[in-house]
Number of protein chains: 2
Amino acid sequence: MGIKKFTDIEPTRFDSDAVKGVAGRVLIGKADGAENFCMRLFELSKDGFSPRHTHDWEHEIFIYSGQGAVFRNGDWIPLEPGCAVFITGNEEHQMKNTGDKPFRFICIIPAGPPEL
Amino acid sequence: MGIKKFTDIEPTRFDSDAVKGVAGRVLIGKADGAENFCMRLFELSKDGFSPRHTHDWEHEIFIYSGQGAVFRNGDWIPLEPGCAVFITGNEEHQMKNTGDKPFRFICIIPAGPPEL
């Protein structure tokens, strides 16, 4: 049994034209012996956003802290702590921070794609 | 894309000699089209605990709110929000609330076993 706190993991930071202010951490993945699915935590700083993209694997997301929104079919849907979001394979999506504090969410993917 | 807040889902309650004060909710499962893994949220009331048990599938857990502990190899390990716990298949485990407020955590399992 492995136990970690996310703040003890050094984040990988993403900043470019397509993604801003994103810090990603693998909480449970292949290196821990997880063979079926991988748990990551993403932290979007104020005004931060993930890329608007599509891929053939699903996301199971749970909002941990902060305020944000998810892009769905042309609209931004507000998200708050306690919300779960299921994004199916091949569905366009993007996340953004709409508040003043870090927007943090858990995102689980199946094994196979890059973990970060 | 499906979006839910956990408080909008009616919980299934568990109370017996082996389990006390546990409310379980499926956030993302088969009924949502999730074919590979299932996200549940468990809420343990004050003094609540899950059963001490073993099964052949893994858990990927993330602590959302409250204070609790997990039973590992004869010891209780404290848990707080932001902690991730990876319980491998066939590893004995149990969760309990050690605080005064509800202890809530996300628990992801592979598809196949009962969702609750």
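In what follows, the accompanying structure is described.

Rules and cut-offs
- Residues numbered from 1 in each chain as written.
- Chains lettered and ligands numbered in written order.
- Predicted model: local features only at pLDDT ≥ 70, side-chain atom pairs only at ≥ 80, totals over all residues.
- Contact = placed C-beta atoms within 7 Å.
- Helix = DSSP H or I, 4+ residues; strand = E, 2+ residues; numbered from the N terminus.
- Nonpolar A, V, L, I, M, F, W, Y, C, P; charged D, E, K, R; others polar.
- Pairing = 2+ DSSP bridges.
- Least-squares fit on C-alpha atoms with pLDDT ≥ 70 in both.
- Buried ≥ 20, exposed ≤ 12 C-beta atoms within 10 Å, placed from the backbone.

1. A few points about the interface of chain B and chain A
Line of reasoning, step 1. At the junction of the two partners, chain B supplies 33 residues and chain A supplies 33 residues.
Line of reasoning, step 2. Looking at the side of chain B that touches chain A, the elements that each hand over two or more residues are strand E1 (2-5), strand E3 (20-28), strand E4 (37-49), strand E5 (59-65), strand E8 (83-87) and strand E10 (103-110) of chain B.
Line of reasoning, step 3. Residue contributions to the side of chain B that touches chain A peak at five residues, all from E8(B).
Line of reasoning, step 4. Broken down by class, the residue content of the side of chain B that touches chain A amounts to 19 nonpolar, seven polar and seven charged.
Line of reasoning, step 5. Looking at chain direction, strand E8 (residues 83-87) of chain A and E1(B) are connected through four bridges and run antiparallel. Looking at the pairing, Cys83(A) lines up with Lys5(B) of E1(B).

2. Regarding the relation of the copies chain B and chain A
Line of reasoning, step 1. Its rotation angle being 180°, the transformation that places chain B on chain A also includes 0.0 Å of axial translation and leaves an RMSD of 0.0 Å. The superposition of one copy onto the other is thereby described by a two-fold rotation axis. Every residue of chain B has its C-alpha some distance from the rotation axis, and the shortest such distance is that of Tyr64(B), at 3.2 Å.
Line of reasoning, step 2. A shared binding surface is used by both copies, with 100% of the interface residues of chain B retained as interface residues in chain A.

3. Focus: the environment of Asp56(A)
Residue and element names in this part refer to chain A.
Line of reasoning, step 1. Counting through the fold element by element, Asp-56 comes out in the loop between strand E4 (37-49) and strand E5 (59-65).
Line of reasoning, step 2. Residues Asp-56 and Asn-90, spaced 34 residues apart in sequence, show a C-alpha to C-alpha distance of 4.7 Å.
Line of reasoning, step 3. When near neighbours in sequence (up to four residues on either side) are disregarded, Asp-56 contacts Gly-89 and Asn-90.

4. A word on unusual backbone geometry
Line of reasoning, step 1. Phi at Asp47(A) is positive, roughly 70°, even though this residue is not glycine.
Line of reasoning, step 2. Note on placement: Asp47(A) falls in strand E4.
Line of reasoning, step 3. We classify Asp47(A) as exposed; it has 12 C-beta atoms within 10 Å.
Line of reasoning, step 4. A positive phi angle is found at Asn90(B), which is not glycine, with a value near 65°.
Line of reasoning, step 5. Its place among the elements puts Asn90(B) in the loop between E8 and strand E9 (95-97).

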